[in-house]
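Spelled out, the chains give:
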Amino acid sequence: MNRTRMTGLVLLWLLLLPRCMQDEDLWQFDRLNTSLAQEGVFVINEGNFTYGNASVSFYDPATGEVLNDVFYQTNALPLGDVAFSMTLSDSLGYVVVNNSGRIYVMNTSTFRYTGKITGLTSPRYMHIISDEKAYVTDLYTRAVTVVNPKTLEVTGSIDVSNGDTRFNQHTTEQMVQYDRYVFTNCWSYDNKILVIDTDRDEITDSISVLKQPNSLVLDRQHNLWILCDGGYEGSPYGSEEGGLMVVPAGKREARLVCRFAPGESPSGLTTDGSREFLYFLNGGVYRMSIYRDTVPELLVDGPENPFGMGFYGLTVDPSSSEIYVSDAIDFVQRGLVYRFDPGGVPLDTFRAGIVPRSFCFKPARAL
Amino acid sequence: MHRLRIICFLLAGSLARDAIAIIPGDTVIAIEQVEVAATGIFDRETAGMKQQRVDSTVLLEKIQRSLSDVLSENSTVFIKNYGRGALATASFRGTAASHTGVIWNGMSISSPMAGMVDFSLIPVYIIDELTMNHGPSSLLYKGGGLGGSISLENVPEWSRGFGAEYIQGIGSYGTFDEYLKLGAGNRKLRSTTRLYHNYSKNDFTFVNTAIGNLDPLTGEVTHPLDTNQNAVILRYGLLQELYFRPGENHLVSLVYWGQFADRTLPSPSSYEGPSNANLNNQTDADHRVVLSWKYYYGKGRFLLRSGYAHKELEYLQLNRIPGLGEVPSIFSVSRQNSLSGTASYTWEPVAGLTMEGKLDINMHGVESMDTISGAGYDRSRNEMAFLGRVSKSLGSRLNLNLMMRQEWVEGKRLPVMPFFGADLKIADHPELVLKANISRNYRYPSVNELYWVPGGNPELLPEEGISMEAGLECRETFGTHSLKTGLTAYRTDVRNWILWLPSVWGFWEPFNIERVLSRGMEAEATYRWHPGNFDLRVAGTYAYTRSENRGESSILGNDSFGKQLVYIPVHSGNLMLRVAWKKIYAVYQYNAYSERFTTSSNDPTRRDWLYPYFMNDLSFGAIFSIGDAELSAGLKIFNLLNESYYSVLYRPMPGRNYHFVIGIRL
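Residues numbered from 1 in each chain as written. Chains lettered and ligands numbered in written order. Predicted model: local features only at pLDDT ≥ 70, side-chain atom pairs only at ≥ 80, totals over all residues. Heavy atoms only, no water.

**Student:** Explain the overall build of chain B residue by residue, including any values.
**Tutor:** Along chain B, the regular secondary structure elements total six helices and 38 strands. For chain B, the spread of C-alpha atoms along the three principal axes comes to 80 × 60 × 40 Å. Per-residue burial over chain B gives 60% buried out of 666 residues. Considering only residue pairs separated by 6 or more positions, chain B has 63% of its internal contacts joining residues 24 or more positions apart. (Helix = DSSP H or I, 4+ residues; strand = E, 2+ residues; numbered from the N terminus. Buried < 20%, exposed > 50% of the residue type's maximum accessible area, 1.4 Å probe, protein only. Contact = heavy atoms within 4.5 Å.)

Rendered as structure tokens:
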């Protein structure tokens, strides 16, 4: 091989090698353009922490049709990092994106991005009080943030700190409202239910419960039910057996209803449309009447797989009382959602996004 | 003939370097001249093993950079890089970061706590020789390197008297680095001191596609131009080497490496919380020291080595909350202390036979605590390992190598780790050698995997790897041209692969649930043409890696069976081209990976997918001599084509950037 030929070959190689990376593929594609009037279920897929791969899926129970990643597919905009929950207000859906410190707002029929609430430290849940006021709970700020869902501005905050630096108390999670009082559970290394007066935007009371209350609901008689996981063994905060507790309507004291075995970690307390039955996860799906004429009964067996934990998310359709549970499988692939009738008979299975956990029901509406 | 034998000895790899130390000075100079040829390809003591040495010109060219850069650009090791200056982990042959061992001057520096190494914290400044031990060849040094191991060595420059070197770098994004090396000594005693300091504000700008703003007029989504905030990198350290040759056949060395690194890690690019929230900071303070004595007599070589490593890692995450001030949400502090001892005896009773017995004892203490929640642990771990090795030459064309490694960890005996390798010389001109091996390897879970609070799983079993490989290596010099090539195919079957999964309690917990079958090919080629004043070097590597999840296929809905592991590219390759004429040089560096998946099911969803990576860098410079001093100046251009890209999901990387370097050498 002579020198010229070799130089030529090297040059050719150099010309062929450099190629451009396809970064623009992430936003240049045919977008989803739809307008769905029918009712349906939004599945909020957390995604993996720091991966920024959270998503929202939309499922139509009437047809069994599923649209995945509707927010990104419609807006060419990734939802963010760890989508925690979604709250509806009229035609708008507020998706709380925990590790992105924001709430994205979208139209629930077109999935169009319509705005955002930013400046939130580690938001968890949003609870709408009026057209112009909503509360956002937070893992780190030791405050409940007050926002205006209309102007999408942060308008204030409610200090919930107990002054103790150890364990970073109080973190706030889910919210339910009875009359003008909002109840929120403090889960992480904590054992309190805080009571917030929505007229004054301040804490007026707190209720002591078992360790680590992770979910709470109000039944049709306005009793407050609280599910506590008891904390993990070896926790510096201490641990105990988990339990289901109830705060009778108008009272500020919790009574123990039932206790779980050591090593069990119940979660996901919810109610059906009638608000006469309680549902929760403890490996499988359990159901219990609020009248306590029965003990919790196992309705659906948990998935049998070596990936740890059984079902990840649970909800019950408020209109049909059908049960939806999610299985995150290995947590790094798109998870499954199973749908059962109120008696636990399987109806459908569909694949949602990565780590599906919470759900949000969209009522039918005129466009 | 004498010289030839010395050269062969030199080429033999790590043990050969000991030989240099005892050879009188004039031959050393001769040896340094043949150094270009790098490692030998037919040697009894490493028969069947694949060891690749990174060329010293590469280390020199990339002296201000991190080991992670050199590995990704000049070897088949895949580096997962979490951002400029941020955590970088290494994967060999499609295995996990914890399957890559790192040996520094004979001592393992993998964190006993995490079981892995952050390669962005190892500067090239401190490395004289860099060797990759692919796959089971790592068993020579340590068990558990299911993918392989990386050896970093320091070597004395006996032939140099007093020497001084200073390099100053100034780069984009407020990057400054300083490096000073001082060496002095005679043929008996030598000291080398290296001091370095790297700082980068790291405040590059990027179009943030993870944040969408609505244009109030058009309703269109726009993306802000953001700055990579809170991403400062600071790293400084000292490497002190002392070598002493009391007699012709003794070598005593004492090497100390201390380093402090302080980094803040940017929030996810999608973060739109308050600017005073989600702040964090990580400091890594390391002290490592190794004392060794090598004694050569007659037919034997004796080695005694003792090492100590201390690591202190602090991770702080805080939010500034009005009315409350700075509120830390995580403040995790860990301290790791390791003491290690090695005794080895190598004996050549007759020509063509080498036997070695080696005993390693390590003691680790790990303390880790999150001072906010109070969760933590304090554990100690003792390890003992015995290695027996017999290497035999059968005639002049066949070398056989048998090793048996036995390890005990925390009083538990691991199964025996055997290795059998062979080299067959097929031809002399060009020198063509067939290499093959078969082995079994075990990795005992790291302290975190067993005891982390919350989530450590004390029931974990060691990961087991059974592997085999075969390859060809070829080397030839013809006139002013020299060529070295290698091609290897391997198969590694790892069982009880450890995977972290969330538990019902909300924290993550490791389980022995996967089986991973990794198969692939590695090809390397280096070519040099050096007629007179002109010097052309071309070096490239290519790896084909099929690393498949072969765990449970029966799980309902599990789509991961048979799929490529996350973040492992099937194709990866790089090319370096260096052209020099007299004292002027230019280096072109190209690096590419095929797509990487971030889901175990290899979901093709655009958003969860990392598109193929193609990176071009260019550098050029010149060296001038003024009297005894040698001055150098160079400019490096990184990301030549100004690509905007991610190498990990939503961790933006910088566009085209520059680094200017000047140096002086006495």
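**Student:** Tell me about the overall build of chain A, and please be specific about residues and values.
**Tutor:** Helix and strand content of chain A: two helices and 28 strands. The C-alpha radius of gyration of chain A comes to 23 Å, within 12% of the 21 Å expected for a compact globule of 367 residues. When its C-alpha atoms are laid out on the principal axes, chain A stretches across 95 × 50 × 45 Å. In chain A, 43% of the contacts between residues at least 6 apart in sequence involve partners at least 24 apart. Within the structure as shown, chain A displays about 14,100 Å² of accessible surface, and the carbon and sulfur contribution to it stands at 47%. (Rg over C-alpha atoms; globule rule 2.2 N^0.38 Å. Areas by Shrake-Rupley, 256 points an atom, 1.4 Å probe, with all protein chains shown as cover.)

**Student:** Describe the packing of aromatic side chains, listing the residues and the values that go with them.
**Tutor:** Residues and elements named next belong to chain A. This structure, assessed with the given rule, holds 42 aromatic pairs over all chains. Three or more aromatic residues joined by ring pairs form one cluster here, namely Tyr59, Tyr324, Phe350, Phe359 and Phe361. The ring of Tyr181 carries Arg252 above its face, with NZ or CZ at 5.0 Å from the centroid. In this arrangement the basic side chain of Arg357 is found over the ring face of Tyr312, its NZ or CZ atom lying 4.8 Å from the centre. (Phe/Tyr/Trp six-rings, centres within 6.5 Å; stacked < 30°, edge-to-face > 60°. Lys NZ or Arg CZ within 6 Å of the ring centre and 35° of its normal.)

**Student:** Any details on helix H5 (residues 67-74) of chain B? Residues and values, ideally.
**Tutor:** One full turn of an α-helix is made of 3.6 residues, so residues set three or four places apart face in the same direction. Across the eight residues of H5(B), eight count as buried, placing the element largely inside the fold. The complete set of buried residues in H5(B) reads B:Leu67, B:Ser68, B:Asp69, B:Val70, B:Leu71, B:Ser72, B:Glu73 and B:Asn74.

**Student:** So what about the interface of chain A and chain B? Which residues, and what values?
**Tutor:** At the interface, 75 residues of chain A touch 79 residues of chain B. Here chain A packs against chain B, burying approximately 6,500 Å² in sum over the two surfaces, 63% of which is carbon and sulfur. Between B:Asp559 and A:Arg351 there is a salt bridge whose closest N-O contact spans 3.7 Å. The interface formed by chain A and chain B includes 20 residue pairs in polar contact (both at pLDDT 80 or more). Contributions of two or more residues to the side of chain A that touches chain B are made by helix H1 (3-16), helix H2 (70-75), strand S6 (102-107), strand S7 (113-117), strand S26 (334-340) and strand S27 (346-354) of chain A. The element that contributes the greatest number of residues to the side of chain A that touches chain B is H1(A), accounting for five residues. Here the residues of the side of chain A that touches chain B are counted per class, giving 34 nonpolar, 26 polar and 15 charged. (Buried area = accessible area lost by both parts, 1.4 Å probe. Salt bridge = Lys/Arg side-chain N within 4 Å of Asp/Glu carboxyl O. Polar contact = N/O pair within 3.5 Å; in protein donor to acceptor, adjacent residues only side chain to side chain. Nonpolar A, V, L, I, M, F, W, Y, C, P; charged D, E, K, R; others polar.)

**Student:** Requested: an account of the sheet that holds strand S16 (residues 213-218) of chain A, with residues and values cited.
**Tutor:** Residue and element names in this part refer to chain A. Strand order in the open sheet formed by four strands is S16-S17-S18-S19, and the pairing between neighbours is antiparallel. At either margin of the open sheet sits one strand with a lone partner, and together these are S16 and strand S19 (255-259). Taken pair by pair, the neighbouring strands of this sheet meet at an average axis angle of 20°, ignoring direction. The sheet contact formed by S16 and strand S17 (residues 224-228) spans five bridges and is antiparallel. Bridge assignment links Val217 to a residue of S17, and that residue is Trp225. (Pairing = 2+ DSSP bridges. Axes fitted to C-alpha atoms, helices over the stretch in contact; angles between N-to-C directions.)

**Student:** Talk me through the sheet that holds S26(A); I want residue IDs and the actual numbers.
**Tutor:** Residues and elements named next belong to chain A. Pairing is antiparallel in the open sheet, where four strands are placed in the order S24-S25-S26-S27. Every interior strand has two partners, whereas the edge strands, strand S24 (313-316) and S27, have only one. Along the sheet, successive strands turn relative to each other by an average axial angle of 20°, direction set aside. Of the pairings in the sheet, the one linking S26 to S27 comprises six bridges and is antiparallel in character.

**Student:** Talk me through the environment of B:Gly185; I want residue IDs and the actual numbers.
**Tutor:** All names here are of chain B. As for its placement among the helices and strands, Gly185 is situated in strand S9 (residues 175-185). Residue Gly185 is classed as partly exposed on the basis of its relative accessible area, which comes to 37%. Distance in space between the C-alpha atoms of Gly185 and Phe162 is 6.6 Å, their sequence separation being 23 residues. Those residues in contact with Gly185, other than ones at most four positions away along the chain, are Arg160, Gly161 and Arg190.

**Student:** Describe in detail unusual backbone geometry, supporting the description with residues and values.
**Tutor:** Apart from glycine, the bulk of residues carry a negative phi angle, and the bulk of peptide bonds sit in the trans form. Omega for the bond connecting A:Gln169 with A:His170 falls within 30 degrees of zero, at -5°, which places this linkage in the cis form. One can find A:His170 in the loop between strand S11 (153-159) and strand S12 (175-178). Omega for the peptide link from B:His429 to B:Pro430 comes to -5°, which places this bond in the cis form. Backbone geometry places A:Val82, a non-glycine residue, at a positive phi of 65°. With respect to the secondary-structure elements, A:Val82 resides in the loop between H2 and strand S4 (83-89). Even without being glycine, B:Asn202 reaches a positive phi, approximately 60°. Owing to a relative accessible area of 1%, B:Asn202 belongs among the buried residues under this scheme.

**Student:** Requested: an account of a nonpolar patch on the surface, with residues and values cited.
**Tutor:** Residues and elements named next belong to chain B. A contiguous nonpolar surface patch, about 570 Å² in accessible area, is contributed by Tyr308, Leu339, Leu359, Ile361, Met363, Met384 and Phe386. Among the elements of the structure, strand S20 (353-370) and strand S21 (376-394) are those that each provide at least two residues to the nonpolar patch. Broken down by element, the nonpolar patch gets its largest block of residues, three residues, from S20. In this structure, Leu339 sits in strand S19 (residues 325-347). You can call Leu339 partly exposed: its relative accessible area is 42%. (Patch = residues over 30% accessible without salt bridge, like charges linked within 9 Å, V, L, I, M, F, W, Y side chains within 5 Å.)

**Student:** Describe the confidence of the model for chain B, listing the residues and the values that go with them.
**Tutor:** Per-chain confidence: chain B averages 89 in pLDDT, with 94% of residues scoring 70 or above. The low-confidence segment residues 1-38 of chain B, where pLDDT is below 50, has 55 contacts with residues more than four positions distant or belonging to other chains. (pLDDT = per-residue confidence, 0-100.)

**Student:** Got a sec to walk through the nonpolar core? Specific residues and values, please.
**Tutor:** Ranked by size, the top nonpolar core spans 43 residues in total, and within it B:Leu67, B:Trp104, B:Ile122, B:Ile126, B:Leu130, B:Ile150 and B:Leu152 carry the most contacts. Those residues in contact with B:Leu152 that sit more than four places away from it in its chain are B:Leu67, B:Val102, B:Ile103, B:Trp104, B:Asn105, B:Ile109, B:Ile122, B:Ile127, B:Glu129 and B:Leu130. Counting residues in hydrophobic clusters, the runner-up holds 32 residues, among them A:Leu26, B:Tyr527, B:Leu536 and B:Tyr645. (Core = buried A, V, L, I, M, F, W, Y, C linked by side-chain atoms within 4.5 Å.)

**Student:** Can you tell me about the environment of B:Tyr236, naming the residues and giving the values?
**Tutor:** Residue and element names in this part refer to chain B. Among the secondary structure elements, Tyr236 is positioned in strand S15 (residues 233-244). For Tyr236, a relative accessible area of 38% corresponds to the partly exposed category. Taking the C-alpha atoms as reference points, Tyr236 and Thr541, separated by 305 residues in sequence, lie 31 Å from one another. Apart from the residues within four sequence positions on either side, Tyr236 is in contact with Tyr196, His197, Gly258, Gln259 and Phe260.

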